[in-house]
Number of protein chains: 4
Amino acid sequence: MLSNNWAVCNFFLGRRRKILTTKREVPASVKDEKLIQKRRDQMIKGAVKLFINKGFHRSTTREIAKAAGFSIGTLYEYIRKKEDVLYLVCDAIYDQVQERLQEVIDTDRGNIESLREAVRAYFKVMDEMQDEVLVMYQEAKSLTKDALPYVLEKELDMVAMFQKVIEGCVRNKELMLNEQEIKLVSHNIFVQGQMWAFRRWILRKLYTLEEYTELQINQLLYGVQGRKE
Amino acid sequence: MLSNNWAVCNFFLGRRRKILTTKREVPASVKDEKLIQKRRDQMIKGAVKLFINKGFHRSTTREIAKAAGFSIGTLYEYIRKKEDVLYLVCDAIYDQVQERLQEVIDTDRGNIESLREAVRAYFKVMDEMQDEVLVMYQEAKSLTKDALPYVLEKELDMVAMFQKVIEGCVRNKELMLNEQEIKLVSHNIFVQGQMWAFRRWILRKLYTLEEYTELQINQLLYGVQGRKE
Amino acid sequence: MLSNNWAVCNFFLGRRRKILTTKREVPASVKDEKLIQKRRDQMIKGAVKLFINKGFHRSTTREIAKAAGFSIGTLYEYIRKKEDVLYLVCDAIYDQVQERLQEVIDTDRGNIESLREAVRAYFKVMDEMQDEVLVMYQEAKSLTKDALPYVLEKELDMVAMFQKVIEGCVRNKELMLNEQEIKLVSHNIFVQGQMWAFRRWILRKLYTLEEYTELQINQLLYGVQGRKE
Amino acid sequence: MLSNNWAVCNFFLGRRRKILTTKREVPASVKDEKLIQKRRDQMIKGAVKLFINKGFHRSTTREIAKAAGFSIGTLYEYIRKKEDVLYLVCDAIYDQVQERLQEVIDTDRGNIESLREAVRAYFKVMDEMQDEVLVMYQEAKSLTKDALPYVLEKELDMVAMFQKVIEGCVRNKELMLNEQEIKLVSHNIFVQGQMWAFRRWILRKLYTLEEYTELQINQLLYGVQGRKE
DNA sequence: GATGAATGAGCGTTCATTCAT
DNA sequence: AATGAATGAACGCTCATTCAT
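Bear in mind the structure is a predicted one, so any value in this text is a computation, not a measurement. (Residues numbered from 1 in each chain as written. Chains lettered and ligands numbered in written order. Predicted model: local features only at pLDDT ≥ 70, side-chain atom pairs only at ≥ 80, totals over all residues. Heavy atoms only, no water.)

### Thoughts on the overall build of chain A
Logical step 1: Scanning chain A from N- to C-terminus turns up twelve helices and zero strands.
Logical step 2: When the helices and strands of chain A are listed from N to C terminus, the series reads α-α-α-α-α-α-α-α-α-α-α-α.
Logical step 3: By the burial criterion, 56% of the 229 residues in chain A qualify as buried.
Logical step 4: For chain A, the share of sequence-separated contacts (at least 6 apart) that also reach a separation of at least 24 residues comes to 75%. (Helix = DSSP H or I, 4+ residues; strand = E, 2+ residues; numbered from the N terminus. Buried < 20%, exposed > 50% of the residue type's maximum accessible area, 1.4 Å probe, protein only. Contact = heavy atoms within 4.5 Å.)

### Points about the protein's contact with DNA strand F
Logical step 1: Close to DNA strand F lie 40 residues, the nearest being Arg 39, Arg 62 and Tyr 78 of chain B, Arg 39 of chain C together with Tyr 76 of chain D.
Logical step 2: The share of sugar and phosphate among atoms of DNA strand F within 4 Å of the protein is 62%.
Logical step 3: Here Arg 62 of chain C contributes a side-chain N or O atom positioned 3.2 Å from a base nitrogen of DNA strand F.
Logical step 4: Take Lys 81 of chain D: an N or O atom from its side chain is 3.4 Å from a phosphate oxygen of DNA strand F. (Near = heavy atom within 4 Å. Polar contact = N/O pair within 3.5 Å; in protein donor to acceptor, adjacent residues only side chain to side chain.)

### Details of the relation of the copies chain C and chain D
Logical step 1: Of the two same-sequence chains, chain C is brought onto chain D (RMSD 0.2 Å, axial shift 0.1 Å) by a rotation of 179°. On this basis, the relationship between the two copies can be described by a two-fold rotation axis. It is Gly 223 of chain C whose C-alpha, among those of chain C, lies nearest the rotation axis, at 1.7 Å.
Logical step 2: Same-surface contact between copies: 98% of interface residues of chain C are shared with the interface of chain D. (Least-squares fit on C-alpha atoms with pLDDT ≥ 70 in both.)

### Re the environment of Val 30 of chain A
All names here are of chain A.
Logical step 1: Following the sequence through the fold, Val 30 ends up in the loop between helix H2 (16-19) and helix H3 (33-58).
Logical step 2: Remark: the alpha-carbon pair of Val 30 and Tyr 78, spanning 48 residues in sequence, is separated by 6.8 Å.
Logical step 3: In this structure Val 30 touches Leu 35, Ile 36, Glu 77 and Tyr 78, once residues within four positions along its chain are discounted.

### Topic: the side chain of Ser 114 of chain D
All names here are of chain D.
Logical step 1: Position of Ser 114 among the secondary structure elements: in helix H7 (residues 112-128).
Logical step 2: What makes Ser 114 buried here is its relative accessible area of 3%.
Logical step 3: Within polar-contact distance, the side chain of Ser 114 engages the backbone oxygen of Asn 111 at 2.7 Å.
Logical step 4: What Ser 114 contacts, discounting residues up to four positions off in sequence, is Asp 106, Arg 109 and Val 165.

### Some remarks on the interface of chain C and chain D
Logical step 1: Contacts between chain C and chain D engage 63 residues on the former and 62 residues on the latter.
Logical step 2: The junction of chain C with chain D conceals about 6000 Å² of combined surface from both sides, 56% of it contributed by carbon and sulfur atoms.
Logical step 3: Two residues, Lys 141 of chain D and Glu 139 of chain C, come together in a salt bridge whose shortest N-O distance is 4.0 Å.
Logical step 4: Seen at the junction of chain C and chain D, the total is 22 residue pairs in polar contact (both at pLDDT 80 or more).
Logical step 5: For the side of chain C that touches chain D, the secondary structure elements donating two or more residues are helix H1 (2-14), helix H3 (33-58), helix H8 (130-139), helix H9 (148-171), helix H10 (179-198), helix H11 (200-206) and helix H12 (209-222) of chain C.
Logical step 6: Residue contributions to the side of chain C that touches chain D peak at twelve residues, all from H10 of chain C. (Buried area = accessible area lost by both parts, 1.4 Å probe. Salt bridge = Lys/Arg side-chain N within 4 Å of Asp/Glu carboxyl O.)

### Comments concerning the protein's contact with DNA strand E
Logical step 1: Contacts to DNA strand E come from 41 residues, most closely from Tyr 76 of chain B, Thr 61 of chain C together with Arg 39, Arg 62 and Tyr 78 of chain D.
Logical step 2: The sugar and phosphate moieties of DNA strand E supply 62% of its atoms located within 4 Å of the protein.
Logical step 3: Within the backbone of Lys 31 of chain A, a nitrogen or oxygen atom sits 3.1 Å from a phosphate oxygen of DNA strand E.
Logical step 4: Lys 82 of chain C is positioned such that a nitrogen or oxygen atom in its backbone is 2.9 Å from a phosphate oxygen of DNA strand E.
Logical step 5: Class assignment of the residues belonging to the surface near DNA strand E gives a composition of 14 nonpolar, 14 polar and 13 charged. (Nonpolar A, V, L, I, M, F, W, Y, C, P; charged D, E, K, R; others polar.)

### Describing the UniProt feature "DNA-binding region" (unreviewed entry) in chain A
Logical step 1: Here the UniProt feature "DNA-binding region" (unreviewed entry) sits at residues 60-79 of chain A.
Logical step 2: End-to-end, the C-alpha atoms of residues 60-79 of chain A are 14 Å apart, and along that stretch the chain is 75% helix and 0% strand. (UniProt positions renumbered as here; feature names shortened; annotations may be inferred.)

### Regarding helix H8 (residues 130-139) of chain D
Logical step 1: Counting buried positions along H8 of chain D yields eight of ten residues, so the element is predominantly enclosed.
Logical step 2: Three or more residues of H8 of chain D are buried, namely Gln 130, Val 133, Leu 134, Val 135, Met 136, Tyr 137, Gln 138 and Glu 139 of chain D.

### Things to note about the pattern of salt bridges
Logical step 1: The tally for this structure, following the rule as stated, stands at 78 salt bridges over all chains.
Logical step 2: The shortest N-O distance in the salt bridge between Arg 199 of chain A and Glu 155 of chain B comes to 2.5 Å. In this pair, Arg 199 of chain A is assigned in the loop between helix H10 (179-198) and helix H11 (200-206) and Glu 155 of chain B in helix H9 (residues 148-171), connecting two distinct chains.
Logical step 3: We note a salt bridge from Arg 204 of chain D to Asp 127 of chain D, for which the minimum N-O separation is 4.0 Å. With Arg 204 of chain D in helix H11 (residues 200-206) and Asp 127 of chain D in helix H7, the pair connects residues that are 77 residues apart, well separated along the chain.
Logical step 4: A single network of salt bridges, built from pairs that share partners, joins Arg 24, Arg 80, Asp 84 and Asp 146 of chain A.

### Comments concerning the packing of helix H6 (residues 82-104) of chain D against H8 of chain D
Residues and elements named next belong to chain D.
Logical step 1: The N-to-C vectors of H6 and H8 enclose an angle of 130°; their axes lie 10 Å apart at closest approach. Judged by the angle between their axes, H6 and H8 are oblique. Seen along the crossing, H6 lies across H8 with a hand that is left-handed. Of the residues in H8, those in contact with Leu 86, Val 89, Cys 90, Ile 93 and Tyr 94 of H6 are Glu 132, Val 135, Met 136 and Glu 139.
Logical step 2: Within the contact of H6 with H8, the residues separate by chemical class into seven nonpolar, no polar and two charged. (Axes fitted to C-alpha atoms, helices over the stretch in contact; angles between N-to-C directions. Parallel < 35°, antiparallel > 145°, perpendicular 65-115°, else oblique. Left-handed = near helix turned anticlockwise from the far one by under 90°.)

### Here's the deal with the packing of aromatic side chains
All names here are of chain B.
Logical step 1: Under the criterion given, the structure shown has 46 aromatic pairs over all chains.
Logical step 2: Ring centres of Tyr 122 and Phe 190 lie 6.1 Å apart, and the angle between their planes is 15°; on these two criteria the pair is classed as stacked. Placement of Tyr 122 in helix H7 (residues 112-128) and of Phe 190 in helix H10 (residues 179-198) is noted, with a sequence separation of 68 residues between them. The burial state of Tyr 122 is the same as that of Phe 190; both residues are buried. (Phe/Tyr/Trp six-rings, centres within 6.5 Å; stacked < 30°, edge-to-face > 60°.)

In structure tokens form, the structure reads like this:
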């Protein structure tokens with residue numbers, strides 16, 4: 001139940017610094033950790049392709065196994081339930097996004113240029129990982145009660161990256177924003193990046209990625225009235 | 001297939017002014033139009049509740065019938081396929097949103113105050129219809145190839161409302177924006193409204209609706225730097 | 001159950017002269033006998049068309065009602081069960097065949113020419129009523145336990161017509177056959193007539209109706225060796 | 001649609017020597033060919049019993065599975081649709097009939113005695129396989145458009161066996177028949193064999209198998225007038 | 001550790017039949 | 001007498017999951 005999900009999330013997220021520090025474990029029957037990693041990589045790779053085309057609910061476990069390159073029996077040696085696949089997929093996608101961002105975003109420079117660069121980098125990643133983002137985006141709600149908080153926490157971690165960049169600017173007096181405003185802007189940036197993926201059916205017709213990026217950055221910095229005259 | 005869906009959408013939306021002017025009809029076996037309306041209203045009401053809790057895929061046709069207050073046989077007198085319920089639900093929600101907006105938004109005044117009001121009104125509707133918006137938002141991807149364009153068109157109609165308000169401001173020199181910028185801002189407003197619904201798990205903790213609204217409007221108008229000093 | 005059907009048939013047919021002299025009644029809710037006849041005629045006409053195309057089991061009561069030109073509710077004013085339609089249809093087809101035969105077959109002349117004529121007339125009727133015969137033929141097995149004997153009795157009545165013609169020939173010494181042989185030949189003629197309908201997929205390619213008729217008559221009269229040299 | 005079926009059949013049969021040489025494959029999910037054969041044998045055995053009693057349409061897939069000795073899920077590992085069962089059953093029955101005939105019929109001797117023997121053997125098989133023949137006979141029409149030609153071709157193969165025997169007699173001047181006549185007689189024999197099965201409700205009362213056989217052979221050879229003398 | 005045959009609960013859907021109007 | 005909306009048992013079929021090999 002979604003509404004229950006939110007309740008559960010709130011519960012967890014409220015104290016997340018305490019409990020959610022480690023990954024949620026999906027138990028496997030197989031012992032060899034190396035093998036588990038290898039098989040799950042195969043699985044995730046296949047499943048993402050599948051989910052992009054048919055969504056999670058319309059993909060069968062058999063199809064997932066096949067796409068992964070092994071049998072249905074083997075699939076169940078590495079997961080307990082179909083929903084574990086979804087969690088593993090979502091988890092992997094977020095990790096990938098985050099990893100790529102951490103490579104290119106400098107959260108410590110604390111000037112407007114670093115904010116511009118962060119947004120550009122983020123939008124670029126979202127563009128390159130469009131399909132994956134879409135999957136995450138559309139299927140996250142199918143995650144079970146206990147898996148969802150782990151994924152939401154990763155979202156917050158990403159939002160926190162932008163927040164950190166902006167806080168740097170504020171600290172250096174490049175921007176004048178209170179905490180509420182900082183958080184809102186961070187969330188806006190985050191959503192606008194996703195938006196490029198989940199509204200691509202219309203945005204792609206109106207803008208190239210570069211146009212979209214620069215327009216959003218300008219709007220972010222100056223608003224619609226800041227440039228009025 | 002999602003990716004195909006997009007192709008289809010693009011195809012339809014490309015020429016939408018010509019083909020998509022009328023509603024997509026869902027055929028019913030029952031002839032009495034009044035009755036059809038009544039039963040479908042029951043159905044939609046029940047289905048929304050269900051979809052909020054379990055999502056479309058996890059809701060069974062029997063549950064939908066029960067929630068609507070009639071038997072499974074009767075359900076199928078008013079739809080052909082389970083997916084028709086989803087279309088009917090999405091369609092109804094959008095109609096409702098749009099209707100409520102048209103009541104309160106004045107697209108002709110053409111000043112900044114009217115833009116503020118439009119955004120406030122829109123965010124208020126999105127707040128009041130949180131559950132419905134969430135359903136639409138999360139389940140739209142499960143719509144069939146042929147139903148999706150109808151729903152997307154409605155989205156564009158709503159975006160167009162904001163666009164019209166902004167164009168008014170531009171015409172009256174209250175704002176200086178080119179067409180690309182106008183469109184982007186319209187989409188941003190639209191998405192930020194939805195965002196209040198689909199990210200409520202975090203936003204509700206940070207802001208009241210009023211705070212969220214005013215912060216977003218200010219960010220929209222002045223950007224983060226327009227107010228720098 | 002078919003096997004039970006046979007048992008039941010045997011039971012009934014064994015004493016048929018006593019019990020099966022009247023038509024099996026299909027009760028109607030409506031009182032007006034004239035109307036019953038009219039509505040059932042509509043029904044049979046529509047149903048035959050339907051059964052030709054889709055068979056009994058694949059035709060729904062709604063389709064039957066529609067094909068008859070009235071509502072499903074009305075249909076059930078004139079029958080009790082769907083299977084009644086099948087009985088009514090089979091019954092009507094046999095009546096029609098028999099009526100047409102009685103018009104043209106002279107069972108009293110008692111010469112070989114009258115036998116030839118009877119066969120020719122019968123085959124002609126079977127040719128003209130191909131579709132109906134096929135329906136009867138293929139759907140009779142779906143008749144209920146209690147309806148089947150009535151239809152089988154009609155078959156025997158038709159076989160008896162040929163038997164009568166042949167008995168006339170024997171009485172006049174035009175043929176030398178004992179009773180067993182007479183009956184077999186009668187059944188053969190009957191089946192060969194049906195055969196033209198139910199094996200038309202191949203026979204039509206090999207013969208015209210006239211060729212088929214004359215070849216069968218010759219084979220009937222002279223065998224394959226009677227003409228050996 | 002039955003009428004369409006015939007059209008399709010004609011189409012296929014017209015060129016059958018070219019296309020229909022191989023069996024129609026019914027795909028199975030299971031890979032082990034041996035197992036497929038075993039399970040399908042179970043299935044066919046159970047289904048024949050069921051179809052004899054209730055007909056194809058009145059037998060449910062669950063009943064078929066149960067009669068076969070496994071679960072509904074397993075049934076569908078070996079077929080795709082319920083209709084596949086019917087095809088498999090019809091196909092198996094024909095194969096069985098044909099196999100038994102090929103064991104006993106000598107198509108090369110080319111004398112009248114061999115024709116007598118062929119007919120006797122055929123009628124005996126039809127007697128022993130009464131139930132199966134009845135099923136084939138009554139349910140063949142429920143076969144799908146694409147399955148029917150395969151079954152009809154098998155019929156023609158059997159007719160061709162009699163044709164071959166008769167052609168031998170003609171070649172050896174034991175009989176004087178043109179091709180049209182040969183074909184007709186072959187079809188007659190074939191139908192008269194089936195007739196013993198599908199008209200057993202009356203024929204059994206009039207004749208033993210032996211009487212029926214000898215009477216038909218005599219009628220075949222000498223006609224009703226050849227012996228008039 | 002890998003396989004894939006087996007299972008059966010449960011799904012979407014149909015349709016003969018009823019009955020209030 | 002005629003209608004057609006309502007019903008729900010029962011159908012064909014799917015698929016997540018298990019477990020013997």
